[in-house]
Amino acid sequence: MTPIAAFAENFLDVCVHISLAVLTISFLLIVYRTVRGPTLPDRVIALDMLVAVGIGFIAAIGVLTDYYLYIDIAITLGLVGFLATVAFARFVLNRGSAGDETIMQEVEESVQRREAGQ
């Protein structure tokens with residue numbers, strides 16, 4: 001193995017471990033936002049970000065283990081996550097259209113917070 005190839009392999013391992021550390025920190029922050037999210041749309045976006053971090057974990061593990069089938073699994077999870085986000089958005093929209101009291105109250109609070117900030 002040439003010195004350049006050895007450096008590249010070591011550099012890739014270090015980068016994957018750093019990315020796993022960053023993904024772990026972002027995962028914890030997203031879980032906090034999911035639990036503490038003041039409104040339903042905040043939680044929906046946090047769950048969508050959780051899917052994105054999951055895709056990152058799967059891709060990083062795939063690169064680390066040299067088993068690239070994980071990349072296909074990550075792509076599939078991305079498609080499923082997109083469809084879930086669209087379904088959640090439609091659910092929130094339908095609840096708002098139906099005049100659901102919870103959604104209407106959240107919208108009013110959001111408008112009040114926005115006006116207070118301006």
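Residues numbered from 1 in each chain as written. Predicted model: local features only at pLDDT ≥ 70, side-chain atom pairs only at ≥ 80, totals over all residues. Heavy atoms only, no water.

Attention now goes to the overall build of the protein chain. Helix and strand content of the protein chain: 4 helices and 0 strands. Starting at the N terminus and walking to the C terminus, you meet the elements of the protein chain as α-α-α-α. At 20 Å, the protein chain has a C-alpha radius of gyration far larger than the 13 Å of a compact globule built from 118 residues. Along the longest, intermediate and shortest principal axes, the C-alpha atoms of the protein chain span 65 × 30 × 20 Å. Burial analysis of the protein chain (118 residues in total) assigns 15% to the buried set. Looking at the protein chain alone, contacts between residues at least 24 apart form 52% of all its contacts between residues at least 6 apart. Total accessible area computed for the protein chain in this model is approximately 8500 Å², and 70% of it derives from carbon and sulfur atoms. Distance between charge centroids for the protein chain: 10 Å, based on 7 positive and 12 negative side chains. (Helix = DSSP H or I, 4+ residues; strand = E, 2+ residues; numbered from the N terminus. Rg over C-alpha atoms; globule rule 2.2 N^0.38 Å. Buried < 20%, exposed > 50% of the residue type's maximum accessible area, 1.4 Å probe, protein only. Contact = heavy atoms within 4.5 Å. Areas by Shrake-Rupley, 256 points an atom, 1.4 Å probe, with all protein chains shown as cover. Lys, Arg positive; Asp, Glu negative; His and termini not counted. Charge placed at Lys NZ, Arg CZ, Asp CG, Glu CD.)

Closest axis-to-axis distance for the helix 1 (residues 3–36)/helix 2 (residues 40–65) pair is 9 Å, and the angle between their directions is 160°. Regarding the angle of helix 1 to helix 2, the classification is roughly antiparallel. The chirality of how helix 1 crosses helix 2 is left-handed. Classifying every residue of the contact of helix 1 with helix 2 by side-chain character gives 18 nonpolar, 6 polar and 4 charged. (Axes fitted to C-alpha atoms, helices over the stretch in contact; angles between N-to-C directions. Parallel < 35°, antiparallel > 145°, perpendicular 65-115°, else oblique. Left-handed = near helix turned anticlockwise from the far one by under 90°. Nonpolar A, V, L, I, M, F, W, Y, C, P; charged D, E, K, R; others polar.)

A word on unusual backbone geometry. In this structure, Asp66 is a non-glycine residue whose phi angle is positive, near 60°. Residue Asp66 is classed as exposed on the basis of its relative accessible area of 53%.

This next bit is on the confidence of the model for the protein chain. Within the protein chain, residue pLDDT values average 87, and 96% of them lie at 70 or more. Mean pLDDT values over the elements of the protein chain span from 79, in helix 4 (residues 101–117), up to 92, in helix 1. (pLDDT = per-residue confidence, 0-100.)

This next bit is on the environment of Ala60. Relative to the helices and strands, Ala60 resides in helix 2. Judged by relative accessible area, which is 9%, Ala60 ranks as buried. Distance from Ala60 to His17, taken between C-alpha atoms, is 8.4 Å for residues 43 residues apart in sequence. Among all residues touching Ala60, those that are not within four sequence positions of it are Val16, Ser19 and Leu20.

Okay, the packing of aromatic side chains next. Applying the stated criterion to the full structure yields 3 aromatic pairs. The interplanar angle of 75° and the centroid separation of 6.5 Å between the aromatic rings of Phe27 and Phe57 together place this pair among those described as edge-to-face. Taken together, the residues span a long stretch of sequence, with Phe27 in helix 1 and Phe57 in helix 2 at a distance of 30 residues. By relative accessible area, Phe57 is classed as partly exposed at 24%. Ring centres of Tyr67 and Tyr70 lie 5.4 Å apart, and the angle between their planes is 75°; this geometry places the pair in the edge-to-face category. Its relative accessible area of 30% is what places Tyr70 among the partly exposed residues. (Phe/Tyr/Trp six-rings, centres within 6.5 Å; stacked < 30°, edge-to-face > 60°.)

Bringing helix 1 into the picture now. Taking 1.5 Å per residue, 34 residues should reach 50 Å; helix 1 reaches 49 Å between its end C-alpha atoms and fits that length. Looking only at helix 1, the buried set comprises Val16, Leu20, Leu23, Ile30 and Thr34. Along its buried surface, helix 1 packs onto helix 2. (Expected span 1.5 Å × (residues − 1).)

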